[in-house]
Amino acid sequence: MKLFLKILYLLGVVVVFFQCKTEKVKESIPSYNYNISDFQIIGHRGFSDMYPENTLLAIEEVFKRGVKYCEIDVNVTSDDVYVLFHDQPTMYRTSSGNRYVVSSTYKELLDFDYGSWKGEQFKNTKIATLEEALELAKKYDAFLYLDTKKIRVDLMGKALQKTKVNPKRLMPAIANIKEAKEFKKYCPNSSFVYFGGMPKNPNDDNWYKEYVDLGCTVFETYYTFALDNKEYFKTFVKKVHENNAKVWVFTSNDITEINKIKENNVDGVESDLSASAFKALYENKNLEIKPLKATTGNWTFDKNNLHSKGVGSQLRPFNYTDKNYQKVTFGTTSSFNISAVEGKNTSIIKVPAFDPKNGLFLFTNFTPFKNENHHFNYSLLMDLYIPKESENKFISLFQTSPTNSNDGDFFINKKGIGINNEYHGNLQSETWYRLGIVVSEFSIKKYINGSFVGEQAISSGRWSVYNTFAGGQDQGFLLFADNDNETAPLFLSSLQLRNYAMSKEEIKLLGDVKSNGIAINNTGIYNLKFEGELKESIVNWDAKEIYVYISKENNKDSDINLKVSFNLPYGAKSSINSGDVLRFKENKQQIITVTAQDGHSKSNWNVILKIEN
């Protein structure tokens, strides 16, 4: 340890650590310099597990953690502005709007919020332009891989001219030779990623050469090809390399898969957990990377709309293209003349008996893990009231088919809650209940007012829900929908979705119906800024640490006082307030504790200062 400190002294660097008493003092913080390998992990839509995808915030958070390539989705507005946005055709999932990007002007799109769906801590995030993203790539000496929802190579050329960044920083997806030739005219000094079908003959050198001669530096395909690693794919990789290009695949968040992809001579993989995956590959082979367990959607109806409260996308009408779709009715317990919640007049909605063309679509916003299209573990919570008119009738609660193409997947009937003639619990009409439906791969556990009432075994993928889908319109499931009218009206005061199977203890702590909704469990700390910092602080989610870089010249005393600002998830509280001064003293720990709205979920963040010349 003494030798280590002497080396730091000779380098003119002093590192100060504040840790829990039970932890050993670390000798270094992560360098976030991953230039030690040619294998790249590409940030999929930025740091999209933790931050709102395709925003400047998500891109910067991944760049400052050492990721050099970021995949972003771009589309063109009606007034020819390249903006960052994935879903087509509508904007329900990742914005507060319900327009179409391609038929809206850039100014019109600026009216919407692109962060709150991921959490209130990102409220008022604006839509980003390609030019803004290019400037960010320049700042971090990084590169943008453009997943082009609409390709306009002329606008790409204009973006390069306007920003004057190195043309190599712009790497669009090109699907065919015609597009490649057109791109070459407008962006002669840029490279591109071939993102089209695989060659019919993997040994055809001319196929590869034609693309490479036009500027292709990367050929990308689906990640399962790399996992299977059949002879066709091996030949494809060999020929790409012989033509001095790289092979990338999309998208994996599992470190075992990523290691296998790397071992099979692939040069890069897209990931929503790119920074953690780099760390697991090169700094900590025991690190288990996985998506953050969280509440991904929470709704009450006090604003008389279907927008979320605290986190979550809008609830979208299933049949939104039909102007005559069935709508919910907004009101209060008093206006509907039904029982109050906890003795309080509470905002609620009346859900009609939806016909097979109608329902509410719920976007899960689950970060994919080991199976990118399906998610087997999740929890759905509902505060609901069965009116007299629906007594003893079937009421569909959710339908995992996004197109309502088969029977609903969970019901209320006179025997309780369940499916396939296996029902549990006792629900009376004209009474408020909090239902907890906890789905895993092999069972569904059922709770009423915090108490366990039954479990039933399941098999097959019927109850899994979609994570990712090409257009973004089917990334979730339907509520209160059934394909053959097995449903009836009900009242709903609160709704919540979590991306994991909750424990019996967690459900019990939430208790029964509350007038202010269902408490969320999200912690974490976001958008940190320290007064006088040399560069942006970094939150290490894997180790629950915060790295702060400050100047030695301005902090010569043993006591260091730093004013800090930050944002927290909806309803969360912290041991210090944003705007407070953190007071560091030699050999003293400094920890920020964040407690979720539920009052039970907590995270402790160790603040680590790096003082530099």
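To be clear, the structure that these remarks concern was listed above.
Each chain carries its own residue numbering, running from 1 in the direction its sequence is written. For this predicted model, a pLDDT threshold of at least 70 governs which residues receive local features, and a threshold of 80 or more governs which side-chain atom pairs are given and counted, while totals over whole chains, interfaces and linings are taken from all residues. Side-chain descriptors were evaluated using all non-hydrogen atoms of the structure, hydrogens and water having been removed beforehand.

## Considerations on the sheet that holds strand β20 (residues 416–419)
What counts is decided by this rule: A pair of strands is treated as paired once DSSP finds two or more bridges between them. Strands are runs of DSSP state E lasting at least two residues, helices are runs of H or I lasting at least four, and both sets are numbered from the N terminus onward.
Strand order across the open sheet formed by seven strands is β12-β15-β26-β18-β19-β20-β21, with antiparallel pairing between neighbours. In this open sheet, the two strands that pair with only one neighbour each are β12 (316–317) and β21 (422–424). As paired strands, β20 and β21 are joined by three bridges and run antiparallel to one another. Its bridge partner being in β21, Ile417 is matched across the sheet by His424.

## Some details on the packing of aromatic side chains
Worth spelling out the cut-off: Aromatic rings from Phe, Tyr and Trp, with only the six-membered ring used for Trp, were paired whenever their centres fell within 6.5 Å, and each pair was classed as stacked if the ring planes differed by under 30 degrees, edge-to-face if by over 60, and tilted otherwise. Here's how the labels work: a residue is buried when its accessible area is under 20% of the maximum for its type, exposed when over 50%, partly exposed in between, all with a 1.4 Å probe on protein chains only. Working rule: Lys NZ or Arg CZ, within 6 Å of ring centre, within 35 degrees of ring normal, means a charge sits over the ring.
Summed over the entire model, instances satisfying the criterion amount to 41 aromatic pairs. Note on Tyr34 and Phe278: the rings are 4.7 Å apart at their centroids and 5° apart in plane angle, and the pair reads as stacked. With Tyr34 in the loop between β1 (13–17) and β2 (40–44) and Phe278 in helix α11 (residues 274–282), this residue pair connects regions lying 244 residues apart in the sequence. The exposure class assigned to Tyr34 is buried, which follows from its relative accessible area of 3%. Looking at Phe278, the relative accessible area reads 1%, which means it is buried. Taken together, the aromatic side chains of Tyr194, Trp207, Tyr208, Tyr211, Phe219, Phe233 and Phe236 make up a single cluster linked through ring pairs. Its guanidinium or amino end placed over the ring of Phe361, Arg316 lies 4.7 Å from that ring's centre, counting from NZ or CZ.

## What about the side chain of Asn229?
Basically, it comes down to this: Distance and chemistry together define a polar contact, namely a pair of N or O atoms within 3.5 Å, with one atom able to donate a hydrogen and the other to accept it when in protein, and with adjacent residues in sequence counting only for side-chain atoms on both sides.
Within the fold, Asn229 resides in the loop between α8 (223–228) and α9 (231–242). Judged by relative accessible area, Asn229 falls into the buried class, the value being 17%. A polar contact is formed between the side chain of Asn229 and the side chain of Asn264, at a distance of 3.3 Å.

## Let's talk about unusual backbone geometry
Residue Pro89 is bonded to the preceding Gln88 through a cis peptide linkage, with omega at 0°. The topology assignment puts Pro89 in the loop between β4 (82–84) and α3 (106–109). In this model, Asn54 sits at a positive phi of 60°, which is unusual for a non-glycine residue. On the secondary structure map, Asn54 appears in the loop between β2 and α2 (56–63). The phi torsion at Lys164 lies on the positive side, around 60°, for a residue other than glycine. For Lys164, a relative accessible area of 67% translates into the label exposed.

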